[in-house]
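As a plain string of letters, each chain reads:
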Amino acid sequence: MNGSVGNSKGKVITCKAAVCWAPGEALVMEDIQVAPPQALEVRIRIICTALCHTDVSFWSNKQDNTRYPQIFGHEAVGRVESVGENVKDIEEGDLVIPVFMPHCTECVDCKSTESNMCARSENLISGLMASDNSSRFSINGKPIYHFLGVSSFSEYTVVEVDSLVKIDPMAAPDKVCLLSCGVTTGLGGVWKVGNVQKGSTVAVFGLGTVGMAVAEGARIRGASRIIGVDVNPKKFDIGKKFGVTEFVNPKDHEKPVHQVIKEMTGSGVDYSFECTGNKSVIVEAFKSTRNGWGTTVIIGVNMTEIPIDFGELLCGKTIKGSLFGGMKAKTDLPLLVDMYMKKELQLDDLITHEISFPEINKSFELLKGGECLRCIMWMDMALH
Ligand code: APR
Ligand code: ZN
């Protein structure tokens, strides 16, 4: 790798990146060029990154508009190498978390407290930087596309300042890396979108990192029962650490899960969270909630339509969706980092594996295997 903090400013950096040349193919470690940041952009050196389910969904989906070659990855922590013109509040050497959901703080959405949408997110899946519709990555003079404005599977990346959050320099990078996407999405789903109340009953469908974060969020809010639903029975023991009080494995029952949950609770849960991205699971999650005020929050990602019963909606149930758990990155992420550092939030047990960046293809296998929650990849094992 050429260039390090201090002497690379304004120059092209040659470094290693895990490039995806075609959907579903193993990533290839390549020497790539990373251009300096333009106005309102920041170039960062990634310290560690993790594979999230959403990377896998885009990587394996041959139907979508993803452009190749592409550098995936959107859950990471890095250090600022250099900043482009007009970048305020972030400077060289800062510890930062890149996020896929920008927070420009100035658009109508950002000014509203109702959601975390941001006008700047329109460009999210273009694979290009918004300022000039071009890429900062290249290989032998040919562009490589960005992913969700982050592309963390590279030693260096360029992101817009709106998608970068400065955090406490003392935070452990491998732990707070999880706040870059999955955990924040789960916690926000409970606190901001569902707004779970103390003493209420909750069902969590899918106990991956996102579902575990939902359980943790519900535990912190003081939910009285947290029912974890997963087809993998190994998830219950881990789930207990995050507040799951009961476990339902759909495979153990002839009847649909919503009936099991209604029998367990009398009338259904107050809140249910869909954390698998599976269409049939969304329907079960919705049917598991009680009439009157039952709220279903969809967190898993899916692009199909869902069959929802008209009559159940008329009985007062609500179904809500969100991205990044409704969290506003620049204001909410530093608070979560703080909570973690004060031991008010658990993250450590979500890290089940750690490998070095060149072993990146292993993390795909691990996530598929069902034993892995998050696998942290260190860019430089020496920093570990
Ligand atoms: N019923 C119950 N549980 C299921 C089902 C099902 N039909 N299908 C999958 N699961 C469980 C898996 O066993 C696993 O424990 O859901 C969990 C999903 O976990 P991960 O694959 O680790 O996914 P995670 O990173 O938590 O993301 C979950 O949120 O961000 C989105 O795109 C992401 O849709 C994905 C979801
Ligand atoms: Zn993600």
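This text follows the structure it describes.
Positions within a chain are numbered from 1, following the residues in the order the chain's sequence is written. Here the convention is simple: chains get letters from A, ligands get numbers from 1, in the order in which they are written. Only residues with pLDDT of at least 70 are given local features in this predicted model, and only at 80 or more are side-chain atom pairs given and counted; all residues enter the totals for whole chains, interfaces and linings. Computation of side-chain values covers all heavy atoms of the structure but excludes hydrogens and water.

Draft legend 1. Representation of the site of ligand 1 in the model. Every one of the 20 residues lining ligand 1 counts as a neighbour, but His53, Val210, Asp230, Lys235 and Val301 are closest to it. Between valine 210 and ligand 1, the recorded distance is 3.0 Å, taken from a backbone N or O atom to an oxygen atom. Valine 301 places a polar main-chain atom, nitrogen or oxygen, 3.1 Å from an oxygen atom of ligand 1. Isolated, ligand 1 exposes 740 Å² of accessible area, and the fraction of that covered by the protein chains is 85%. Elements are defined by DSSP. Helices are runs of H or I of four residues or more, strands are runs of E of two residues or more, and each kind is numbered from the N terminus. Elements with a minimum of two residues in the shell around ligand 1: helix H1 (53–60) and helix H5 (209–221). Polar here means any residue outside two lists: the nonpolar Ala, Val, Leu, Ile, Met, Phe, Trp, Tyr, Cys and Pro, and the charged Asp, Glu, Lys and Arg; Gly therefore counts as polar. Taken together, the residues that form the shell around ligand 1 break down as seven nonpolar, 10 polar and three charged. Note on terminology: near, applied to a residue and a molecule or strand, indicates that one of the residue's heavy atoms is within 4 Å of it. Any pair of nitrogen or oxygen atoms within 3.5 Å is treated as a polar contact; in protein, a donor-acceptor pairing is required on top of that, and neighbouring residues in sequence qualify only through side-chain atoms on both sides. Throughout, the Shrake-Rupley method with a 1.4 Å probe supplies accessible areas, and for residues the shown protein chains are the sole cover considered.

Draft legend 2. The arrangement of the packing of helix H4 (residues 182–194) against helix H10 (residues 329–341) in detail. Lines are fitted to the C-alpha atoms to define the axes, a helix being fitted only along its stretch in contact, and any angle between axes, read from their N-to-C directions, falls within 0 to 180 degrees. Orientation of H4 relative to H10, taken along the N-to-C sense of each, is 100 degrees, at an axis distance of 12 Å. Overall, the two elements H4 and H10 adopt an arrangement that is roughly perpendicular. Residues Thr184, Leu187, Trp191 and Lys192 of H4 pack against Asp332, Leu333, Leu336 and Met339 of H10. Taken together, the residues that form the contact of H4 with H10 break down as five nonpolar, one polar and two charged. Any angle between 65 and 115 degrees counts as roughly perpendicular, while under 35 counts as roughly parallel, over 145 as roughly antiparallel, and the rest as oblique. Contact criterion: two residues are considered in contact whenever any of their non-hydrogen atoms come within 4.5 Å of each other.

Draft legend 3. Just the state of the cysteines, in detail. Cysteine sulfurs are considered disulfide-paired once they come within 2.5 Å of each other. Enumeration over the complete set of coordinates arrives at zero disulfides. Cysteine 110 takes part in no disulfide bond, and the closest cysteine sulfur, belonging to cysteine 118, lies 3.7 Å away.

Draft legend 4. Quick peek at the packing of aromatic side chains. Only Phe, Tyr and Trp rings take part, Trp by its six-membered ring, and two of them pair if their centres are within 6.5 Å. Stacked means planes under 30 degrees apart, edge-to-face means over 60, and tilted covers everything else. A full pass over the atoms with the stated rule returns six aromatic pairs. When the centroid spacing of 5.1 Å and the interplanar angle of 70 degrees are considered together, the rings of phenylalanine 58 and phenylalanine 147 count as edge-to-face. Of the two residues, phenylalanine 58 is situated in helix H1 and phenylalanine 147 in the loop between strand E7 (142–144) and strand E8 (156–160); the sequence distance between them amounts to 89 residues. You'll find phenylalanine 58 and phenylalanine 147 in the same group, each marked buried. Chaining the aromatic ring pairs together yields one cluster made of Phe58, Tyr68, Phe72 and Phe147. Either the NZ atom of lysine or the CZ atom of arginine qualifies as a charge over a ring when it sits within 6 Å of the ring centre and within 35 degrees of the ring normal. Positioned over the ring face of phenylalanine 286 is lysine 317, at 5.0 Å from the centre of the ring. Exposure categories follow from relative accessible area, calculated using a 1.4 Å probe and restricted to protein chains: below 20% of the type maximum is buried, above 50% is exposed, and the middle band is partly exposed.

Draft legend 5. Spatial organisation of the packing of H4 against H5. Their axes nearest at 7 Å, the elements H4 and H5 cross at an angle of 40 degrees. In terms of orientation, H4 and H5 fall into the oblique class. For the element pair H4 and H5, the recorded crossing hand is right-handed. Taking contact as the criterion, the partners of Gly182, Val183, Gly186, Leu187, Val190 and Trp191 in H4 are, on H5, Thr209, Val210, Ala213, Val214, Glu216, Gly217, Ala218, Ile220 and Arg221. A crossing counts as left-handed when the near helix is turned anticlockwise from the far one by less than a right angle, and as right-handed when that turn is clockwise.

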